[in-house]
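Next come the chains, spelled out residue by residue.
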Amino acid sequence: MTVINARGRRLKHWGTALVMVAPLLGMSGVAKAAPDGFAPATHPETAKLVDELVAKGLDRDRVTELMNQADYSQKVLDAMSRPAEGHLRWDQYRAIFMKQSRIEAGVKFIAEHRETFDRAQAEYGVPPEVIAAIIGVETFFGKHTGTHRVIDSLSTLAFDHPRRGKFFRGELAAFLQLTIEQGIDPLSIKGSYAGAMGYPQFIPTSYQAYAVDFDGDGVRDLWHNPVDAIGSVGNYFARHGWKAGAPVVSAADGPGTPPSSVTFNKTKKPYMSVSALEAAGVQVADDVAGNTQVIPLALDLKQGYRYAVGYDNFYVITRYNHSHMYAMAVDELSRAIKRRLEDGGAG
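Along every chain, residues carry numbers that run from 1 in the direction the sequence is written. Owing to the predicted nature of the model, reporting of local features is limited to residues with pLDDT of at least 70; listing and counting of side-chain atom pairs is limited to 80 or more, with chain, interface and lining totals taken over all residues. The side-chain values count all of the structure's non-hydrogen atoms but skip hydrogen atoms and water molecules.

### Digging into helix 11 (residues 226–239)
Part 1 of the argument: Under the scheme used here, helices are H or I runs from DSSP no shorter than 4 residues and strands are E runs no shorter than 2 residues, and both carry numbers assigned from the N terminus. Any helix carries an expected span of 1.5 Å times its number of residues minus one. Look at helix 11: 20 Å from first C-alpha to last across 14 residues, which is about the 20 Å you get at 1.5 Å a residue.
Part 2 of the argument: Among the residues of helix 11, Pro226, Val227, Asp228, Ala229, Ile230, Gly231, Ser232, Val233, Gly234, Asn235, Tyr236 and Phe237 are the ones counted as buried.
Part 3 of the argument: Those residues of helix 11 that are buried lie in contact with helix 5 (100–112), helix 6 (114–124), helix 7 (128–139), helix 10 (204–210) and helix 13 (312–320).
Part 4 of the argument: Each polar contact in these results corresponds to two N or O atoms within 3.5 Å; when the atoms are within protein, one needs to be able to donate a hydrogen and the other to accept it, and residues that are neighboring in sequence are counted only if both atoms are side-chain atoms. For helix 11, the N-terminal capping position is held by Asn225, with its side-chain oxygen 2.9 Å away from the main-chain nitrogen of Val227.
Part 5 of the argument: Of the residues flanking the end of helix 11, it is Gly241, one or two places downstream, whose phi is positive at about 100 degrees. The rule is simple: take the accessible area with a 1.4 Å probe, protein chains only, and divide by the maximum for that residue type; under 20% is buried, over 50% is exposed, in between is partly exposed. Here, residues are in contact when the closest pair of their heavy atoms is within 4.5 Å.

Shown next as structure tokens:
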């Protein structure tokens, strides 16, 4: 999904990462002083948004009432300026997620929903451990889904983010339309500071586009229903090109300092051949054809670097969150969960 930088939570809230489901968002410039609110009667941009939603069939009085109750949050703007991926080394970032407690919780989560995970794999081609790792990184399997009222976060970012207001305005409109149409009180929904929600931390437009009713009860509920969440993550990956049975990452060896002739850590489709990478001094550990296109990865440690290469499925993970470290964390957690299952963990 277009997910917001590690899914919009500060480090202290991370038993989680952050899907949103979008490009890393930093802040540039100084945030405006707190406005008097988002009341359509006094806020011209809010009034325009109300008109647009009314044109889509929503009730004017209801939308106006909701926007009258949306609050400005300087904390949200402050949090957007400090994504963890922007200031942590790989080993520091990895340590957030690669804890035994999270691995064991992932094994338990799969065991509790084994039929759902198997059905998702059959339908979408995504292994249980990968879907579980996404939900585990995002929300510790539903335990930490966010503490910010989504309507406040999105209203603040829509009208006061110095660079991405247009993007978040679209998310705010989608959020109001989604919740009102599903009969859910928009004022009751909490999520990340970037407006990501539920077990998988979908932003509203991703919720609209990729959420599925995986248990057949007529409702796409990612806030409370792990079955829908599991199916929706599988659908998201499949829609973004996940290749069943294909690799995600291979280890590699390289010099003490990454060679300047190689562009590392770009979260775009694989862009460098294995043969060209090896000619630059980075050797892929697995037996891979020289013409295979990969994403070269150089992960900074306290001392030196760890090298790896990402394949097409690695790129798919970065569609969930546009950070190479996020994708590596998901891959490593998924491998750890799979090993634990194979070693006799619940399942």
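### Description of the sheet that holds strand 4 (residues 272–273)
By way of backbone hydrogen bonds, the strands of a sheet pair with one another, either parallel or antiparallel.
Part 1 of the argument: An order of 4-6-7-3-5 is seen for the 5 strands of this open sheet, with the pairing classed as antiparallel. Of all the strands in the sheet, the pair left with one neighbour each is strand 4 and strand 5 (283–284).
Part 2 of the argument: Strand pairing is defined by DSSP finding a minimum of two bridges between the two strands. Relative to strand 7 (residues 305–310), strand 3 (residues 249–253) runs antiparallel, the two being bridged by 4 bridges. Pairing of Ala251 across the sheet is with Ala308, part of strand 7.
Part 3 of the argument: To get an axis, fit a line to the C-alpha atoms, keeping to the stretch in contact for a helix; angles then go from 0 to 180 degrees between the N-to-C directions. Against the sheet, helix 14 (residues 324–342) contacts strand 3, strand 6 (293–300) and strand 7, and its axis sits at roughly 95 degrees relative to strand 6.

### Some details on the environment of Gly165
Part 1 of the argument: Position of Gly165 relative to the elements: it lies in helix 9 (residues 165–181).
Part 2 of the argument: With 11 residues separating them along the chain, Gly165 and Leu154 place their C-alpha atoms 9.3 Å apart.

### As for helix 1 (residues 44–55)
Part 1 of the argument: In a regular helix each residue adds 1.5 Å, so 12 residues correspond to 16 Å; helix 1 covers 17 Å between its end C-alpha atoms and thus fits that length.
Part 2 of the argument: For helix 1, the complete set of buried residues consists of Thr46, Leu49, Val50 and Leu53. End-on, the buried residues of helix 1 take up no more than an arc of 100 degrees, which puts them together on one face. Along helix 1, the residues that are exposed and aim more than 90 degrees away from the buried face are Pro44 and Ala55.
Part 3 of the argument: Taken together, the buried residues of helix 1 touch helix 2 (60–68), helix 8 (150–160) and helix 9. This arc is built from the directions going out from the helix axis to the C-beta atoms.

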